[in-house]
Amino acid sequence: MSTSFKRVTEATYLSTEKSNVYRAILRYFYIQHERLKEFLLPEEVHQHLLEARHFAEYSLEELHNDLTALVKWGNLNAQQESGNVKTIEEFKKRRFRYQITPYTVEFERMLIHFEQNSETFSGSLEKTQFERFYEVLEKIRLSTVASPEACHQHWDDLLTYFKKIAQNTSDYFAYLRSENTVEQMKSESFFLYKDKFTLYLRDFIIALQRTAVAIQETMIGLSHNDTDSFFKKVCEHEQRTFRFERMTVETKDYMEELEGTWLNMKSWFLGDASGNSQYENVLYQTNEAIRRITRIVQRLGERSQVQRSRKQDYLHLADWFLRIPSIGESHQLAAAVFGIVHTKHIYTDHIPTDDIYTDVWDEAPTVYERAPSVRDYRVKSKASALDDFSEQKEEARTAYLLQKQKEQGIIDGYRNGSQIILGELPVIEPFVRKLFLSWIGKAMVRHDRVIKTEFGDKIRVDLNKSLKIELVATDGMIQMPAVTFHYLERGEGA
């Protein structure tokens, strides 16, 4: 298994019974790390924890045990403190100071981010990010005489803006599709923000279309030689930053990583062989959001309009009915306004024609017999005679036996003495191939490889896996091991 997918023991502290204690300890280490204080003594940590009410009875000995567990899981690095030792006894006690590990720093950053953003997606549609991305891309295009340090800075800026673009857009569209946002859009209060929301999306589309075209043209104009020269300068500056971890990393590998990242950026704006670009997807999602907002606003407007005008409509109809002199005209007006009362529908499962393009008036009429609504009504039934199908059965039996006799004659035609060698057969029929394969399948589950065929013959199947043959039929060819069928006993019907 790749080391990239090994078990992350550093995350153990997040899912244990004492996670509340471990998280409080490591959160203090993380805060001090952000304040550029790397090493902490147990006494400092203990003093901080005692300030919380639920750590009032937390002893220093318990802290030492918890720190040992965190060192074991890789969340802390322990270093023996020998600079301030005054006696031999203090040295023997192995007094340690502790430093938080990079894995734990990233875990704590992620947890703080989750705590601040709760359960909702963040993100935004920032048109300025595209403009800044384009400005840096232009600097890269003109960086033929730039220094390695400047090229490295341009590449770092380009990566930063691209990550913000990709992450912010995906998070924002996930926010728009979330259940909470959809429910808020359906509420009446959404009327107050619909114009501002729609304007926000349209401004983003206009800026994106204007900037993205320039980005695409610049990317297409950058040749492989231009990017290769630029990446060599970036790699040159990167190698100047001394790190022990990079002593074994080759320049070629880092160049491949840079080129791969660049190709991902190009595919985001220009697309690749697998499908459309993410830029087109962002445009589609934004337009779809505007259309969805328009539909929601339209439905809300119709519902609001119906609720406002229904009262006036009923008052007008009531006055209308009041001025009609006769009950007959009132019934006619009611039918025109409210429709026919007690409409009955008759359903039948009979389909006169299968042509979906035939009009209703072109179809033959269907007769539907309706049962009367009488409690004592029973459907009349009469006894029917049993039909005799013995003649049809005998005809089917005779045809089946003739077919089997014909198949047996074809199989016997492929025999070479008391055996059938598949590698020597001519072009055979498809049913013969299926029959031979079924014989082989039956023989493979038996120890002696002896089976009885459909025709009553007893045969032994010999299979030579070291020799490959081609069994050709009229509908295709199959490659398989060499097989020979040996007839041991003939059936009664042979």
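Residues numbered from 1 in each chain as written. Predicted model: local features only at pLDDT ≥ 70, side-chain atom pairs only at ≥ 80, totals over all residues. Heavy atoms only, no water.

Looking at the sheet that holds strand β7 (residues 476–489)
At step 1: Strand order in the open sheet formed by 4 strands is β4-β7-β6-β5, with antiparallel pairing between adjacent strands. Of all strands in the sheet, those bounded by a partner on one side alone are β4 (419–421) and β5 (450–452). Geometrically, the sheet is characterised by an average inter-axis angle of 40 degrees between neighbouring strands, direction not taken into account.
At step 2: Sheet topology places β5 next to strand β6 (residues 458–473); 3 bridges connect them, and they run antiparallel. Within the sheet, the bridge partner assigned to Val450 lies in β6 and is Arg460.
At step 3: Sitting on the sheet, helix α15 (residues 430–444) touches β4, β5, β6 and β7, and the angle it makes with β7 is about 65 degrees. (Pairing = 2+ DSSP bridges. Helix = DSSP H or I, 4+ residues; strand = E, 2+ residues; numbered from the N terminus. Axes fitted to C-alpha atoms, helices over the stretch in contact; angles between N-to-C directions. Contact = heavy atoms within 4.5 Å.)

Concerning the pairing of β6
At step 1: The hairpin formed by β5 and β6 contains 5 residues between the paired strands, and Gly456 there has a positive phi angle of roughly 90 degrees.
At step 2: The sheet contact formed by β6 and β7 spans 13 bridges and is antiparallel. Residue pairing across strands places Val461 opposite Phe485, the latter belonging to β7.
At step 3: Remark: 2 residues form the turn of the hairpin made by β6 and β7, two consecutive strands paired antiparallel.

What about helix α1 (residues 19–34)?
At step 1: End to end, α1 covers 22 Å across 16 residues, agreeing with the expected 22 Å (1.5 Å per residue, within 8%).
At step 2: When we look at burial in α1, the residues that qualify are Ser19, Val21, Tyr22, Ile25, Leu26, Arg27, Tyr28, Phe29, Tyr30, Gln32 and His33.
At step 3: At the exit of α1 stands Leu36, carrying a positive phi of roughly 70 degrees. (Expected span 1.5 Å × (residues − 1). Buried < 20%, exposed > 50% of the residue type's maximum accessible area, 1.4 Å probe, protein only.)

Focus: unusual backbone geometry
At step 1: For Leu36, which is not glycine, the phi torsion reads 70 degrees and is therefore positive.
At step 2: Residue placement: Leu36 occurs in the loop between α1 and β1 (39–40).
At step 3: The phi torsion at Arg449 lies on the positive side, around 60 degrees, for a residue other than glycine.
At step 4: Tracing the backbone shows Arg449 in the loop between α15 and β5.
At step 5: Judged by its relative accessible area of 30%, Arg449 falls in the partly exposed class.

Everything listed here is a matter of geometry and, on its own, says nothing about what the molecule does.
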